[in-house]
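Here's the letter readout for the chains.
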Amino acid sequence: PPSDLGLLFITPYLAGAHLHSNSWGAAINLYETYARSADLFLWEHKDFLAFFANGNAGDDEGTVGTPATAKNVVSVGATENGVNAENIAAFSSNGPAADGRIKPTLAAPGVAIVSADSDGLKESWNSGTIAYSGTSMATPAAAGAAALVRQYYLDGYWPFGTANAASGFEPSAALIKATLLSSAQNMTGDHTDGSFPSTGQGWGRINLA
């Protein structure tokens, strides 16, 4: 990607995108050009929210990598799932950011996530499924949750819980982020590094219910 992430974000933004999922990052816990440019774009485009994988460098403190170190983005750690849903995955990078800020922002399932797997032949129309693990899998899950939150406000479900076009409005990125944070549940399993907010689970696991 370009060093100025605004150049990455501007094309989908102008095409109407308000959420941007990024399953990549560098294993450097710094607030540098990537992180700063992401923050600048989100500050200047207050209806656009970017999500970044927190990294897979393990559960030592300070392993979060840029641009998940940015201030305005949602950085996503990985949980296990099923009966082990209370655990943060052992590979999920930990905060804090180099300046002491809590990272990850949130956590979402990122172990053995099943998705479509193409055979690579454009005209075959064949695909199967494949399972991967990583914060790169947790990040689109969090972005998908954000899409549901955004639609909730657009369709006027707030404040009464039923769709009402007259109540609908376009939420800011900050409101979507705040809603996700408010939904997050404290995790009590392995690698959480204690109750939230913590260096392992951040502000907890998303729970849209």
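Bear in mind that the values here come from a model prediction, so they are computed numbers and not experimental data.

Moving on, we come to the layout of surface pockets. Reported here for the largest pocket is a volume of approximately 190 Å³. Leu42, Trp43, Lys46, Phe48, Leu49, Asn72, Ser172, Ala173, Ala174 and Lys177 together form the lining of the largest pocket. With 3 residues, helix H4 (residues 173-183) is the largest single contributor of residues to the lining of the largest pocket. Residue composition of the lining of the largest pocket, by class: 6 nonpolar, 2 polar and 2 charged.

A contiguous nonpolar surface patch, about 380 Å² in accessible area, is contributed by Tyr152, Tyr157, Trp158 and Phe169. Tracing the backbone shows Tyr157 in the loop between helix H3 (135-154) and H4.

The topology assignment puts His20 in strand E1 (residues 19-22). Residue His20 is classed as buried on the basis of its relative accessible area, which comes to 14%. At 3.0 Å, the side chain of His20 and the side chain of Asn22 are in polar contact. In contact with His20, not counting residues within four places along its chain, are Leu8, Phe9, Pro12, Phe48, Leu49, Ala50 and Phe51.

What counts and how
- Residues numbered from 1 in each chain as written.
- Predicted model: local features only at pLDDT ≥ 70, side-chain atom pairs only at ≥ 80, totals over all residues.
- Heavy atoms only, no water.
- 1 Å grid on protein atoms, 1.4 Å probe; cavity = no way out; pocket = protein on both sides within 12 Å on 5 of 7 lines; lining within 4 Å.
- Points joined across faces, edges and corners; volume = space filled by probe spheres on them.
- Helix = DSSP H or I, 4+ residues; strand = E, 2+ residues; numbered from the N terminus.
- Nonpolar A, V, L, I, M, F, W, Y, C, P; charged D, E, K, R; others polar.
- Patch = residues over 30% accessible without salt bridge, like charges linked within 9 Å, V, L, I, M, F, W, Y side chains within 5 Å.
- Areas by Shrake-Rupley, 256 points an atom, 1.4 Å probe, with all protein chains shown as cover.
- Salt bridge = Lys/Arg side-chain N within 4 Å of Asp/Glu carboxyl O.
- Buried < 20%, exposed > 50% of the residue type's maximum accessible area, 1.4 Å probe, protein only.
- Polar contact = N/O pair within 3.5 Å; in protein donor to acceptor, adjacent residues only side chain to side chain.
- Contact = heavy atoms within 4.5 Å.

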